[in-house]
Every structure is written in C-alpha cells, then in structure tokens.
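Observations on chain architecture
Here are the chains, one letter per residue:
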Amino acid sequence: DVKVTQSSRYLVKRTGEKVFLECVQDMDHENMFWYRQDPGLGLRLIYFSYDVKMKEKGDIPEGYSVSREKKERFSLILESASTNQTSMYLCASSPPDRLYSNQPQHFGDGTRLSIL
Amino acid sequence: SQELEQSPQSLIVQEGKNLTINCTSSKTLYGLYWYKQKYGEGLIFLMMLQKGGEEKSHEKITAKLDEKKQQSSLHITASQPSHAGIYLCGADGLGNFNKFYFGSGTKLNVKP
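The text that follows walks through the structure, step by step, so that each part is easy to find. Remember, predicted model here, so these are calculated numbers, not experimental data. (Residues numbered from 1 in each chain as written. Chains lettered and ligands numbered in written order. Predicted model: local features only at pLDDT ≥ 70, side-chain atom pairs only at ≥ 80, totals over all residues. Heavy atoms only, no water.)

Here we come to the interface of chain B and chain A. Each side of the interface is counted separately: chain B has 19 residues, and chain A has 23 residues. Between chain B and chain A, a total of about 1900 Å² is buried, with carbon and sulfur atoms accounting for 54% of that surface. The tally of links from chain B across to chain A stands at four residue pairs in polar contact (both at pLDDT 80 or more). Every element with two or more residues in the side of chain B that touches chain A is listed here: β4 (32-37), β5 (43-49), β9 (85-93) and β10 (96-102) of chain B. The element contributing the most residues to the side of chain B that touches chain A is β10(B), with five residues. (Contact = heavy atoms within 4.5 Å. Buried area = accessible area lost by both parts, 1.4 Å probe. Polar contact = N/O pair within 3.5 Å; in protein donor to acceptor, adjacent residues only side chain to side chain. Helix = DSSP H or I, 4+ residues; strand = E, 2+ residues; numbered from the N terminus.)

Let us now look at the sheet that holds strand β7 (residues 64-70) of chain A. Residues and elements named next belong to chain A. The strand order across the open sheet built from four strands is β1-β3-β8-β7, with neighbouring strands paired in antiparallel fashion. In this open sheet, the two strands that pair with only one neighbour each are β1 (4-6) and β7. Sheet twist, expressed as the mean angle between neighbouring strand axes with direction ignored, is 20 degrees. Looking at chain direction, β7 and strand β8 (residues 73-78) are connected through five bridges and run antiparallel. From the neighbouring strand, Val 66 faces β8, where its bridge partner is Leu 76. (Pairing = 2+ DSSP bridges. Axes fitted to C-alpha atoms, helices over the stretch in contact; angles between N-to-C directions.)

Residue and element names in this part refer to chain B. Spatially, five strands are ordered β1-β3-β8-β7-β6 in an open sheet, and the strand pairing comes out antiparallel. Edge strands, defined here as strands with exactly one partner in the open sheet, are β1 (4-7) and β6 (55-58). Along the sheet, successive strands turn relative to each other by an average axial angle of 15 degrees, direction set aside. Sheet analysis places strand β7 (residues 61-65) next to strand β8 (residues 71-76), joined by five bridges and oriented antiparallel. Directly across from Ile 61, in β8, lies its bridge partner Ile 76.

Under the criterion given, the structure shown has two disulfides over all chains. Note on cysteine connectivity: A:Cys23 is disulfide-linked to A:Cys91, with sulfurs 1.9 Å apart. The sign of the S-S torsion, about -80 degrees, decides the handedness of the disulfide formed by A:Cys23 and A:Cys91: left-handed. Remark: A:Cys91 occurs in strand β9 (residues 87-94) and A:Cys23 occurs in strand β3 (residues 19-25); sequence separation between them is 68 residues. A:Cys23 sits in the buried class, given a relative accessible area of 0%. Judged by relative accessible area, A:Cys91 falls into the buried class, the value being 0%. Bridging B:Cys23 to B:Cys89, the disulfide has an S-S length of 2.1 Å. (Disulfide = S-S within 2.5 Å. Buried < 20%, exposed > 50% of the residue type's maximum accessible area, 1.4 Å probe, protein only.)

Right, dumping it as structure tokens:
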C-alpha cells in the first residue's frame, strides 16, 4: 500500500516564525502536491513538484515556498507565518501518468497548523 | 480552469436509506476520482473512473461516469454511520496532468 507520511498531525506556531511541514512518500512517485483545506473554500493547491528540484506554483503560492531535494520528500515552508495561514495542510503523491497507470493521488493524514 | 460542482453541499440521512451525491464539470472529464474524508483527517481514495458510461462498485458504494464524461454520481446503498464524512470528487487537469481539481465536497451525516 502507498504510504504518505506527514511529520506532524498538529502544530502550533507563532506569527513571524519560519515553519516547515514535511511529507514523505514510499512509492517512488514523481509527483508530489501540497494543498490547504479551509471551511467553505475546499482544497486549494499551493505547490506541486513533478521531479527532484522541480516545482510549479499552484493556485495560492503566496507566502509559501517548497523544497524537493530527494524524490521521496517534499517540504512546505511558511517563510514568515501569519494567522491567515492557520489551516489544514494535506500532502499527496502520484505517478505522472495517473490515468494510464490507473493510480490516483494518495494523501497523508494532514497537519492541522495553528498560527497564534 | 476546470471547475467541479458538487451537490448537495450537505446531507443528513437515516441509517439504512440510500443516497446520491453528484459531481458536474463544465468540461470533459479525463479522470474522475472520488475520495472520502473523515473529519480532521486525510483523504481516502474510493474509486477512479475514466471511460464514458463506466461504473464501479466497492461494498455499498457505486460510482458512475456519464457517457458525455461531464457528470459523475456516487450512490450509497443502505447507509450506515460509518459512511459519515465528507465526500469529494476530483479531476485531472485538462491538458495538464500535473494539476488536479477538487469539488467543494459533500458533508454526509447518517443518523442511527
């Protein structure tokens, strides 16, 4: 079974701190994704990566950066945390050819981040 | 961008009743995925549909994709409290399989 592991289920940080959210997958997937989920707004894509050191902005990249130094690990960085970044963060991974390989995105358990 | 509309937004049913959740796209769907999310947790993959007219079932949940590939439905037969959660449909980005789009979700409560 595919395993996507997010480093923390719950995290509390202070405004202005630099925050790192880590995600590791064990299926050798090329694609990895970071989403945030907010009530009434649904899931929104922050960044995705289609290979080591490669990244593309999603729909809401402002205030975030990412790092992908190794294929299995994709980190989300909040450069200077603000209260409006309090949210549920979800990481996912998939092969690049989801339709041809008949494989969906697989998700981690999520990190509920609170910025005080 | 590809938009997915889900309906209803929320649903409360009595245990044992059947229910249907719909997901509609303004554009042709090339890969349609259904996920379930328990409150405060990650997304669990349920089913994936690719071909027009395709139908898949798992236990008491059946998903269908219409012939035009613009609408999908998720049907639960004889609902149970364990079916409660948020159901989300998702789709691959048209012409860009690195992108993925989600519907807004349907909250399901099943009353014992």
